[in-house]
Amino acid sequence: MTTTVGSPVHRTNGLTRFQTVLRGVVLALGAVAFLFPFYYMIIGSLQAEPDSSLAGAFPNPANLTGENYVEINERIDLLRGLVNSGVFTAGVILCTVVFGVLVGYALAVLQWRGRGVTFALALLVQVVPFQLLMIPLYVLIARDYGLSDSYLGMILPFAINSAAVIIFRQYFLQLPRDIFEAARIDGAGELRLLWNVALPLVRPALLTVVLITFIGPWNEFLWPFLITKDAALQPLAVSLANYISNVAATASNPFGATLAGAFVLAVPAVTLFIVFQRYFTSTDLGSGVKG
Amino acid sequence: MTTTAARDIPRHSPNRTRLHRVLGANPLGIAFSAPYLVFVAIVFAIPFVSSIWMSFHDFFFSAPGADVDHAFVGLANYQAVLTDPAVWQAFGNVGVFLLINVPLTVVLALLLAFQLNRVVHARTFLRVSFYVPYVTASVAVVAVWLFLFGGDGLVNQLLGPIAPEPSWLVNPVLAMPTIALFVTWKQLGFYILLYLAALQNVPKELYESAATDGAGRLRQFLSVTIPSVRPATLLVVLLSTVTGANLFTEPYLLTAGGGPNGASASPVLLVYQKGIEQGTPDVAAAIGLILVVLVLIIALLQRKFVGGENS
Amino acid sequence: MRRRAGAHVAVMLTLAAVLITGCGGGQASTGSPDKHGDITIWYSNNEQELEWGKQMVEAWNADHPDEQITAQEIPAGSSSEAVIGASIAAGNAPCLIFNTAPVAVAQFQKQGGLVNLSQSFDDAAAYIEDRSGDLASQYADADGDYFQIPWKSNPVVIFYNKEMFAEAGLDPDKPPLHTYDEFLDSARAIVDSGAAPYAIYPSPTSQFFQIDIDFYPLYAAETGGTPLVEDGKATFADDAGERVAEFWRTVYDEGLAGDEIYQGDAFADGKAAMAIVGPWAVAVYQDLDWGSVPVPTSKGTPADEIWTFSDAKNIGLYTACENQGTAWDVVEFATSPEQDGKLLELTGQMPLRRDLAEVYADYFDENPAYRAFGAQTARVVEVPNSPNAVAMLQKLRDAYTGAVVFGNGSIPDALRQAAAAVDDLAAQP
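Residues numbered from 1 in each chain as written. Chains lettered and ligands numbered in written order. Predicted model: local features only at pLDDT ≥ 70, side-chain atom pairs only at ≥ 80, totals over all residues.

## So, the confidence of the model for chain B
Interpretation of the predicted coordinates at a detailed level should be avoided for regions scoring low in pLDDT.
Residue and element names in this part refer to chain B.
Point 1. Per-residue confidence for chain B gives a mean pLDDT of 82, with 88% of residues at or over 70.
Point 2. The low-confidence segment residues 1-11 (pLDDT under 50) makes six contacts with residues lying over four places distant or belonging to another chain.
Point 3. In the model output, the complex is listed with pTM 0.85 alongside ipTM 0.82. (pLDDT = per-residue confidence, 0-100. Contact = placed C-beta atoms within 7 Å.)

Have a look at this one:
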């Protein structure tokens, strides 16, 4: 017979009322700190005159306007840029999820020759800085493979995200072996195992990978800029960077116009997360093992 | 019901064991990994091997068909790099960065993920808010940071007389720590995600049994949560170290290349300057490879000490 | 197992690299000065230059149905050098780039990316020298050959905000900015009176090209046109260089300029009463009541004798070009008096012509504010013409930001160290 320890006063969910409120306050403060850049970006993009003083954070309603969005859309085709970014990013996510899951599973669960080498390679690819490889890579893809000014040329260097491979491997490793053994005894082949047993259990990892793999190509400027000179193919991040470096200066509110573009760039990413985060729920592994 | 140990059951006929000896117990693994390996071969191998080759030669990029001599110079590039004080400073800066960023990231990400996992009210809003700096374009986030930490920024105005002089980003001692703080803030969303995913798989039974043994919340956190997410911790440590060592964008945007007296220069910034701006990719390759080797050593050490046997 | 994995990785990678390099290959360009046909060009995506570029291409294309130009934009910023360098290495550079920075030309030349105009076209050298006069010699290489066509310059001058000057009690039509002392006094007056938070706000960052905007123009003015590197030796560690550096150090010490990055243009945003920049910025400052004067000198040299930095952008003809004959014809067309005139009208930037003031007298009559810029183009210096020019400027910039912007260490020492490093770089091929 056990007795509960600790304060006997109003324990809900194991916490006192006070502790719950405290946690709420701390989290809320943290949220404010983290949301601030987004908020500032929205406010800045809606201002007619830039106001970089402190008061600018709480703007005068008279100073608000949607003009910046109009201006930047006149100069760079925001929709076209979003579509290109979408194609680029979707290509990368698709390749990474499909092939990355296979490799991660193989690295974690299967025994095969070359396992160590493959993991070492994934780590190495992650470690080497992109700036080191940039020009030889460009020569390779533009000259040897003839892929300049194409979506494939944009996607290729990023096709399978090695961080994703490492992450998949880690999460597959965390699954208890008994599950696999149980299914194998029942005669399931590896692919079946992967699809029916392992994948549903690492759904949070899958979602995590989709979300993090999304950000890289979505915000990537340098590589697409190198590989495409055709403005119709350039992702939004590139058009935005070009705009900032050159054209923005002559806009009526250069800072505002830049933030307007940055906001348009950020919205899909945030939306994606809002939609996906509800799937981050417990998968209740316990019952999968027993019985 | 008991489960039989898998190895007692002969799964395959004796003929196949020779294949297994060559290819491992489960050669399907090779098939699964083949696309990835092909990808690495056609995209990564050549540029990487060229970089290594470049670092041992007197090299610059030239037009195809141009007649240029790329003499073998042995370790001359490495020598030049290792005797350059700017290079040592850059590596030192990145070291300072990692010492601040990695532990801070691990601690904050785990604590926040743990709380975000438990909280009930406004769950979506809170989770999204921590993710937002991670997705916001650097341009906007930098503007905010300058707004906060600039010479006339909010922080200095709040601190009044105890504000550091010179101000944060132009202070040779504080510049790198300020950048470390900024990057931690910006990247935290990603690592919270990793921990959130890991926390989903911690069986509730473990908490329940710890509670019945009389463990309070702190004890539960220390003895159940932390060990259970150890693999995720290794992941967070590894990835934050690797991306931190390749720090380039943030010093470039916040201090536009080097800061006061190179106080915020990073090795990759030097690679960019020397390799791409100044047209000396051989020296840049030497710096890059030294960085790669150092990071690999650190990564292996981390795997040993943080990861334990299951990594 | 770890050690073996490492060895295996090395073997695999090298194998892959060898196998694939076998398939690819770098064929030399098959272009030649005799060929004519369609060509591709790149120009900057600066708003006004874009306008000029588009009308130039249209005009040419209308008259040459068999030699059509396809044009693409690249940003004018420093990243354009990376893009051009990469495209030279990949062999897919366009025929002409109307955005080639002189600082990178020697590097591109060394890479084998630029066509030797003097050797390939009989009339090239004569054409260039006829158009640009004495200024052309700065753009030739050590052997006297031309690998770039001098195109336009943005001589660096001081812009000032007339309203803020009036507010500070300074004469907005004849501002006291000739000598260092006058300049400093005016700057102090501006900041003290609260007319603006800063007197002037040159970018304090360590990017190599920023040295062209603060130190170099004043050094050119102080020495009457001495370039940073002459006869393979750094010149800036002399008395003149020290005076210039001391001047700027005073500016930073007294808080007359900011030492942090400013996002945007401080002059356009009203945060600084002056800007040190070229006429391309006029488009950005159109809402302000601005005036311009030449950069200051320590003793107050007469305005019509002051030198400055050219901030030129030139045209390069690249070896990857197939139809080099057409490319050269387009160059002659794009730098003709007519097209140069359009450039002047549309962008306000100065074509590098020796007879600028005479040929476009009408324009300068209509825009008297630009007359000073036009006159200034005759007295400009250029960056060193060496494959290591970027590295040289970087060394000087690093010394400058340390000693001048942040006030660390002694200025003569910093300059001397940088000069020694630059001498070493100049000696390397």
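From this point, things continue past the structure.
## Points about the interface of chain A and chain B
Frequently, the measure chosen for interface size is the accessible area removed from exposure when the parts meet.
Point 1. Contacts between the two partners involve 84 residues from chain A, matched on the other side by 85 residues from chain B.
Point 2. In terms of residue count, helix α1 (residues 17-45) of chain A provides more of the side of chain A that touches chain B than any other element does, 11 residues in total.
Point 3. Tallied by class, residues from the side of chain A that touches chain B come to 57 nonpolar, 20 polar and seven charged. (Helix = DSSP H or I, 4+ residues; strand = E, 2+ residues; numbered from the N terminus. Nonpolar A, V, L, I, M, F, W, Y, C, P; charged D, E, K, R; others polar.)

## Thoughts on the pairing of strand β1 (residues 39-44) of chain C
Residue and element names in this part refer to chain C.
Point 1. In terms of residue burial, β1 counts as a mostly covered element, since six of its six residues are buried.
Point 2. Pairing of β1 with strand β2 (residues 69-74), which is carried by six bridges, proceeds in the parallel orientation. Bridged to Trp42 within β2 is Gln72.
Point 3. Note that the unit made of β1, helix α2 (residues 47-63) and β2 has a crossover that is right-handed. (Buried ≥ 20, exposed ≤ 12 C-beta atoms within 10 Å, placed from the backbone. Pairing = 2+ DSSP bridges. Right-handed = clockwise from strand over helix to strand, strands pointing away.)

## Topic: the domain arrangement of chain B
Residue and element names in this part refer to chain B.
Point 1. As far as domains go, chain B holds domain 1 (14-55) and domain 2 (85-307).
Point 2. Placing the centre of domain 1 and that of domain 2 at their C-alpha centroids yields a distance of 32 Å.
Point 3. Across the boundary between the two partners, domain 1 contributes four residues, which contact six residues of domain 2.
Point 4. Each residue belonging to the side of domain 1 that touches domain 2 can be placed in one class, and the counts come to two nonpolar, two polar and no charged. (Domains from an automatic or database assignment.)

## Details of the packing of helix α4 (residues 115-127) of chain A against helix α2 (residues 28-55) of chain B
Point 1. For the pair α4(A) and α2(B), interaxial distance at closest approach is 11 Å and the crossing angle is 40°. In the crossing of α4(A) with α2(B), the sense of the turn from one axis to the other is left-handed. Judged by residue contacts, A:Arg115, A:Thr118, A:Leu121 and A:Val125 of α4(A) engage B:Gly29, B:Ser33, B:Leu37, B:Val40 and B:Phe44 from α2(B).
Point 2. For the contact of α4(A) with α2(B), the class distribution of residues is five nonpolar, three polar and one charged. (Axes fitted to C-alpha atoms, helices over the stretch in contact; angles between N-to-C directions. Left-handed = near helix turned anticlockwise from the far one by under 90°.)

## As for the sheet that holds strand β10 (residues 290-293) of chain C
All names here are of chain C.
Point 1. Strand order in the open sheet formed by four strands is β6-β9-β5-β10, with mixed pairing between adjacent strands. Two strands lie at the open edges of the sheet, namely β6 (198-200) and β10, each paired on one side alone. The sheet shows a mean angle of 25° between the axes of neighbouring strands, taken without regard to direction.
Point 2. Examined bridge by bridge, strand β5 (residues 157-161) and strand β9 (residues 272-277) share four bridges and lie antiparallel to one another. Considered in β9, the bridge of Phe159 is made with Ala275.
Point 3. Contacts between helix α8 (residues 180-193) and the sheet are confined to β6 and β9, with β6 contributing the most and set at about 150° to the helix.

## Some words on the sheet that holds strand β13 (residues 350-351) of chain C
Residues and elements named next belong to chain C.
Point 1. Pairing within the open sheet is mixed, and its six strands lie in the order β2-β1-β3-β12-β4-β13. The outermost strands of the open sheet, each flanked by one partner alone, are β2 and β13.
Point 2. One ladder, built from two bridges, connects strand β4 (residues 149-153) with strand β12 (residues 313-317); its direction is antiparallel. The residue of β12 that forms the bridge with Ile149 is Ile315.

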